[in-house]
Amino acid sequence: MLHYARGDFLAAFAFELALESKMRILLVEDDSMIGDAIQRALSDASYAADWVKNGLTGLAALDTHSYDLVLLDLGLPDKDGLDVLDCIRARNNPVPLLIITARDNLDDRLRGLDGGADDYLLKPFDIAELLARIRAVLRRKGGAAQSVLGNGVVTLNLLSKHASTDEQREVALSNREFALLQALLIRPGAILSRSELEDRL
């Protein structure tokens, strides 16, 4: 647990918001072993993950919740993942989407990427690579090309989970502090209500 000196900007910032906000990811994966491993890895990396096991439930979740990113398997039992992708984009939903699949043929990769996926990752993959690709997609969504987010006062390093103030004082953040600061910095200038932040838990 971090202890901050009274008046420290980061402590005041965290105290004022007093929320445990996380970037929220929708995982659409029918394989229980893979889904469980990904969900645990996302949680360990300070993301909130909703896991559904078929395409129709995934589409319903997108209709009722706001997500920062979708991880979409293609070989789903009720509706093919590429058809799910088509439905998402037909609804003009701009949510960043990363396809995770064992389908390695060129036609599927081209159809996925041309159909609106932001990335295409072949199974089996290393969790570290999945997390790196998630960070890259989220950076592109936020208009950032590097692994650092900032607002002129606070800078957040997405790899080390350290924040620094304009005075160059670096602080190691807990997972909760990191998730909250990331959620706010990825939308510079946007005002997020308490309920919007709580929805990411």
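Report follows, based on the coordinates. What you see is a predicted model; the values in this text were computed from it and never measured.

## A word on the pairing of strand E2 (residues 47-52)
For a regular strand, side chains alternate in direction, first toward one face of the sheet and then toward the other.
And then number 1: Pairing geometry for strand E1 (residues 23-28) and E2, over six bridges, is parallel. Along E2, the bridge assignment pairs Val28 with Val52.
And then number 2: In this view, the connection linking E1 to its parallel neighbour E2 by way of helix H2 (residues 32-44) has right-handed handedness.

## A short note on the packing of aromatic side chains
And then number 1: This model, assessed by the stated rule, comprises zero aromatic pairs.
And then number 2: Across from the ring centre of Trp51, 4.8 Å away, lies the NZ or CZ of Lys53, which sits over that ring.

## So, the sheet that holds strand E6 (residues 148-150)
And then number 1: One open sheet holds the four strands; their spatial order is E6-E7-E8-E9, and the pairing between them is antiparallel. Whereas interior strands pair on both sides, the edge strands pair on one side only; in this sheet they are E6 and strand E9 (170-172). Neighbour to neighbour, the strand axes of the sheet diverge by 25° on average, direction disregarded.
And then number 2: Sheet topology note: the strand E8 (residues 162-165)/E9 ladder contains three bridges and is antiparallel. Across the sheet, the residue bridging to His162 is Ala172, located in E9.

## Focus on the packing of H2 against helix H6 (residues 127-141)
And then number 1: At a minimum axis distance of 11 Å, the contact between H2 and H6 shows a crossing angle of 60°. Taken together, H2 and H6 sit at an angle that is classed as oblique. Both H2 and H6 take part in a crossing whose hand is right-handed. In contact with Ile38, Ala41 and Leu42 of H2, H6 contributes Ile127, Leu130, Leu131 and Ile134.
And then number 2: For the contact of H2 with H6, a count of residues per class yields seven nonpolar, no polar and no charged.

## Details of the pairing of E1
And then number 1: With six of its six residues buried, E1 lies for the most part within the structure.
And then number 2: Across the two faces of E1 the burial is the same, with Met23, Ile25 and Leu27 and Arg24, Leu26 and Val28 all buried.
And then number 3: The pairing of E1 with strand E3 (residues 69-72) spans four bridges and is classified as parallel. When the sheet's bridge partners are listed, Leu26 is paired in E3 with Val70.

## Regarding the environment of Lys53
And then number 1: Mapped onto the fold, Lys53 is located in the loop between E2 and helix H3 (55-64).
And then number 2: A relative accessible area of 41% places Lys53 in the partly exposed class.
And then number 3: Counting along the chain gives 26 residues from Lys53 to Leu27, while the straight-line C-alpha distance between them is 8.2 Å.
And then number 4: The contacts of Lys53, once residues within four sequence positions are left out, are Glu29, Asp30, Ser32, Leu76 and Pro77.
And then number 5: A polar atom in the side chain of Lys53 sits 3.3 Å from the side chain of Ser32.

## Looking at the pattern of salt bridges
And then number 1: Overall, the coordinates contain 12 salt bridges when judged by the stated rule.
And then number 2: Across the pair Lys123 and Glu29 runs a salt bridge, and its minimum N-O distance is 2.7 Å. Of the two residues, Lys123 sits in the loop between strand E5 (119-122) and H6 while Glu29 sits in the loop between E1 and H2, which places them 94 residues apart along the sequence. Like Glu29, Lys123 is buried.
And then number 3: For Asp86, the salt bridge goes to Arg111, with nearest N and O atoms at 2.7 Å. A residue pair is termed long-range when its members are at least 10 positions apart, and Asp86 in helix H4 (residues 81-90) and Arg111 in helix H5 (residues 106-114) qualify at 25 residues.
And then number 4: Assessed through its relative accessible area of 33%, Asp86 is described here as partly exposed.
And then number 5: Judged by its relative accessible area of 38%, Arg111 falls in the partly exposed class.
And then number 6: One salt-bridge network, held together by shared partners, links Glu29, Asp73 and Lys123.

Calculation notes
Residues numbered from 1 in each chain as written. Predicted model: local features only at pLDDT ≥ 70, side-chain atom pairs only at ≥ 80, totals over all residues. Heavy atoms only, no water. Pairing = 2+ DSSP bridges. Helix = DSSP H or I, 4+ residues; strand = E, 2+ residues; numbered from the N terminus. Right-handed = clockwise from strand over helix to strand, strands pointing away. Phe/Tyr/Trp six-rings, centres within 6.5 Å; stacked < 30°, edge-to-face > 60°. Lys NZ or Arg CZ within 6 Å of the ring centre and 35° of its normal. Axes fitted to C-alpha atoms, helices over the stretch in contact; angles between N-to-C directions. Parallel < 35°, antiparallel > 145°, perpendicular 65-115°, else oblique. Left-handed = near helix turned anticlockwise from the far one by under 90°. Contact = heavy atoms within 4.5 Å. Nonpolar A, V, L, I, M, F, W, Y, C, P; charged D, E, K, R; others polar. Buried < 20%, exposed > 50% of the residue type's maximum accessible area, 1.4 Å probe, protein only. Polar contact = N/O pair within 3.5 Å; in protein donor to acceptor, adjacent residues only side chain to side chain. Salt bridge = Lys/Arg side-chain N within 4 Å of Asp/Glu carboxyl O.

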